[in-house]
Every structure is written in C-alpha cells, then in structure tokens.
Amino acid sequence: MATYHDKLKQLDHTYLWHPFTQMQEWMGEEPVIISRGDGHYLVDDHGRKYLDGVSSLWCNVHGHRKKELDDALKEQIDRLAHSTFLGLSHVPGINLAQQLIEIAPKGLQRVFYSDSGATAVEIAMKMAVQYWQLKGDSQRTQIASLAESYHGDTVGSMSLGFSETFHRFHKSLLFPVLRLRPPHLFRYYQGMSEAEALAAAIQDAREKLAEHGSTLAALVMEPLMQGAAGMWAQPVEYLRAMSELCRSHGILFILDEVATGFGRTGKMFACDHAGVTPDILCVAKGITGGYLPLAATLTTEEVFAAFLGEYQEFKTFFHGHTYTGNPLGCAVAIANLELFVKENIVENMQPRIAALRQRLHDEFLPLGHVSDIRQWGYMIGIELVDDKAGRKSYPAAKRIGHQVILEARKRSVMIRPLGDVIVLMPPLSIADSELTTLLDVVHDCIVTVTGN
Ligand SMILES: Cc1ncc(COP(=O)(O)O)c(C=O)c1O
C-alpha cells in the first residue's frame, strides 16, 4: 500500500516546479519532504532530523519554532493578518520602522517595505533613478554593479547581477549595467597577492567611474561578501574605497545587505565593519528571523525629501506591492530584533566565528581538493577543485558540490552548494556542539567525495 510519503511524492512530482532545480533530476530522486522544524533542525515526513546548515536559504536566525517569534506571530494574528500600506498605516509597520532606523547605520532615516530581497533592490534602483531626475540631474540614469553579483531574480535585479549560467536565456529582457571588477583573486587577478588584487580592483572602479561617473545614478553592491557568486569575500578597504568613490563622483551608494544583514557577518550590518553609511540599504532574509517574506529599503532624509511636492507635480514614488509591510511579517521582525538584544546574538557569535576560522584553516584548507576558504562571520564558502596546484575546477558534469551535499544529507546535515563551493550558513544561535557536528560532517563528506 502506498504510504503517505509516496502520496506526497507523487503529488509533488505531478504538480510542482521547484526553484533553481533541474526538475528532471528532482523527479528521478527521492524527495526530502520537510514537515516541521525544531530548533536548528528540520524534520522530514519520516521524522528524520537534519541540522539546518544553511539557515533555510540564509535567512534563519534563532532556529525554527522559536517561542518568542511564534508568540509574536500568534498575538498579531489575533489582531490583524493584513491591511494595505498604500495610503494607510498599521501599528507593527510603524514600530518596526523606528527599530530598524535605530539599529541601521547612522544617517538612514526612512523605511520603504516590500516582500523579498529582489524587490528591495528593485525599489532601491527605482528610487535612485527617480531621485536624480527630481533633482534635475537627468543624465544620471545608469547603474553600476559588481561583476557576478547576485541581487535576486526579478528583471531589474537580474540586470544588475548578471550571471551567464543563470540568465543567458533572458538577456533580451535585461538593461545594460556598468560592471566593476571586484577584488576576487582567483577570477580576475590570478597570480596577484591580496593587496595587489585590492589595489587593482579599486583602480578598475576608479577608471570606470572617472569615465562614466556623471551618468551614473548609483552603484549597487553586496558588501564584504558576494554570496551567490560563490562566497567571494572582499576586504573592508574595498567597501570603504567604493563608498568614497561614490561620494567623490556624487553617485548614490546602494548596499544590498539582503544576505549580509542582521548579524550574518559578525556585526549587525556588513557596512558596520567599514563604518560606512550607504545612501540606500536593502534588507530582507534575516529581518523576520527567517519566518516570513518581508523586506525593507532604507534611505536618507535627503533622498526622501526629493520626492516631496504637491500631488499634481507627480513626484510620488509610484511603487508598491499588495503585501508591502505585511503586519505579520512586521510583528515577527520586531520580536526578532528584540531577541538580538535579549540573547546577545552578535556578541555570542564572536568566539565561535574565531573558532570556525581556526578549524577551517587547520583542518579544511590542507585537504587536497580544497583550494580556498572564504569567511565573513557565519557566511562561509569552501571551494573544491580538481587540481589544487593548478586551481582547475572539476568538470561541471561531476557535480562535486551536489555529491557533497547528498553525503551530508545521509549524515543528517542539510546544506546547499553554489556549484563546487560548499556553503556553510548556520543559524546565528547555533550551539557549539551543533557547529562541531556541522564541521565534522562536512569535512567527512568532502573527504569521502573528493578522495582525500
Ligand atoms: C545579496 C542578495 N540580494 C538579493 C537576494 C534576493 O533575495 P530574495 O530571494 O528574497 O528575492 C539574495 C538572495 O539570495 C541575495 O543573496
């Protein structure tokens, strides 16, 4: 007799199309069907527990079914599940905005809500382009971004973060963007030292901005770590240099902290490491502790003020979504921010970040097929290559990264790679023993799959 799992599997295979998933492969494999969460674990429909090693796609902060977050949600649902933010306001939306501004880099003053990282970035771009037109600087219509950056999957954010693998079929839809070459040693600056690569990357930006600066509305970048590119880390100096270059060319500086925000890099925001304030800051993922789709685009009073005027001047920012600022999301986001304080989340991470760095350096880096490890806080990429000395990748068909995660799954750890880069992104509240398990298992899986 068919089990409940068999039934679910058949329905999944009949009706669903999963994101970023080769469905031919998916339909040939046994699906893991998650039925509940428990702290830092996901539990499947057979009752099997998996350590959530990538925070459910980089968004979980305090674990699953965290009492304070559950309670906040239940309380809010007894008041109001949803009401529009277009021409109306609501209590959790107002309170969250105040709290976001309190923790955000100094100088940011206004919060515009949406519902995903991609929309937060779209809004930032539209704000920037409209801002310059309202200011009368109407030639500033272009956007600059970092090569291979990722900002989401809407058409504007795809234009910003073009990747040949992801977007080659959609080129016709995308608008041109000026691309700066980030200081990623192995892709762009082979044979250089880190300091030389940094200098070369800053020079690349300097030259491109000197040529195009006056037509640029904004530079958009992922600060300190280009996540989906494969965890490409940048030194703090690069972030500072980009901020200064934008200032000197009068370009708006937009930081996409969708992945790096809310403690992920070891400070509340990645830009706190560099002491820089962007003109526009995009946040999502961890804003609700990983519970609900909510995002925000924060900006300065200077940008905001440019949009003020009589209605008939039509300076209004005509942008919004049905679920903009959803009250349930806002209520859980407030509880999330309270937990950061109550549980000293960012402080407690510090010794663990150092211990992680040590173990990665001592035990992973010497492995014969680990060519590089990049870390900012709890954001880690372990790059696997076929030939370490020549830094030659594995053939794509070998799916080495995928094999490692399948091995990890057998050992009850859930991770997800970026090609052959193994990503570790544990929930920020993960316990020492669980971190140890995560590293032990991933080490074992890399050795099993790569053969050393
Ligand atoms: C830096 C960055 N920006 C934007 C996004 C898109 O966020 P969302 O998937 O919520 O649209 C992501 C998602 O991983 C991201 O890493």
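This one's a predicted model, so the numbers in the text were calculated from it and none came from an experiment.

(A) Summary view of a nonpolar patch on the surface. On the surface, L11, Y15 and L16 cluster together into a nonpolar patch covering about 330 Å² of accessible area. Along the chain, L11 falls in helix 1 (residues 4-15). For L11, a relative accessible area of 33% puts it in the partly exposed group.

(B) Spatial organisation of the side chain of S157. As for its position among the elements, S157 is in helix 7 (residues 155-160). Its relative accessible area of 0% is what places S157 among the buried residues. One polar contact links S157 to T154, side chain to side chain, over a distance of 2.7 Å. If near-sequence neighbours (up to four positions away) are discounted, S157 is found in contact with A118, V121, E122, M125, H151 and G152.

(C) The site of the ligand, seen in detail. Around the ligand lies a shell formed by W58, S116, G117, A118, Y150, H151, G152, E222, D256, V258, A259 and K285. In the environment of the ligand, an oxygen atom lies 3.1 Å from a nitrogen or oxygen atom belonging to the side chain of K285.

(D) Focus on the sheet that holds strand 15 (residues 413-414). A sheet is described by the order of its strands in space; here four strands give the open sequence 1-2-3-15, paired in mixed fashion. Looking at strand neighbours, the two that pair on one side only are strand 1 (34-38) and strand 15, the edges of this open sheet. Pairing analysis gives two bridges linking strand 3 (residues 49-52) to strand 15, with the strands arranged parallel. Bridge pairing in strand 15 links D52 to M414.

(E) Structural view of the sheet that holds strand 4 (residues 108-114). Across the sheet, seven strands lie side by side as 4-12-11-10-7-5-6; this open sheet has mixed pairing. Across the chains shown, the open sheet's two edge strands, defined by having one partner strand only, are strand 4 and strand 6 (178-180). When strand polarity is set aside, the average angle formed by the axes of neighbouring strands in this sheet is 20 degrees. When strand 10 (residues 252-256) meets strand 11 (residues 280-283), the two strands line up parallel, connected through three bridges. Looking at strand 11, one finds that I254 is bridged to I280. Sitting on the sheet, helix 6 (residues 117-134) is in contact with strand 4, strand 5 (142-146), strand 7 (216-221), strand 10, strand 11 and strand 12 (295-300), with an inclination near 25 degrees to strand 12.

(F) Highlighting the pairing of strand 7. Across the six residues of strand 7, six count as buried, placing the element largely inside the fold. Alignment of strand 5 against strand 7, held across four bridges, turns out to be parallel. Each bridged residue has a counterpart across the sheet, and for Q142 the counterpart in strand 7 is L216. With four bridges connecting them, strand 7 and strand 10 associate as parallel partners. For V220, the partnering residue across the bridge sits in strand 10 and is I254.

Scoring rules and cut-offs
Residues numbered from 1 in each chain as written. Predicted model: local features only at pLDDT ≥ 70, side-chain atom pairs only at ≥ 80, totals over all residues. Heavy atoms only, no water. Patch = residues over 30% accessible without salt bridge, like charges linked within 9 Å, V, L, I, M, F, W, Y side chains within 5 Å. Areas by Shrake-Rupley, 256 points an atom, 1.4 Å probe, with all protein chains shown as cover. Salt bridge = Lys/Arg side-chain N within 4 Å of Asp/Glu carboxyl O. Helix = DSSP H or I, 4+ residues; strand = E, 2+ residues; numbered from the N terminus. Buried < 20%, exposed > 50% of the residue type's maximum accessible area, 1.4 Å probe, protein only. Polar contact = N/O pair within 3.5 Å; in protein donor to acceptor, adjacent residues only side chain to side chain. Contact = heavy atoms within 4.5 Å. Near = heavy atom within 4 Å. Pairing = 2+ DSSP bridges. Axes fitted to C-alpha atoms, helices over the stretch in contact; angles between N-to-C directions.

Any link to function would need more than the numbers given here.
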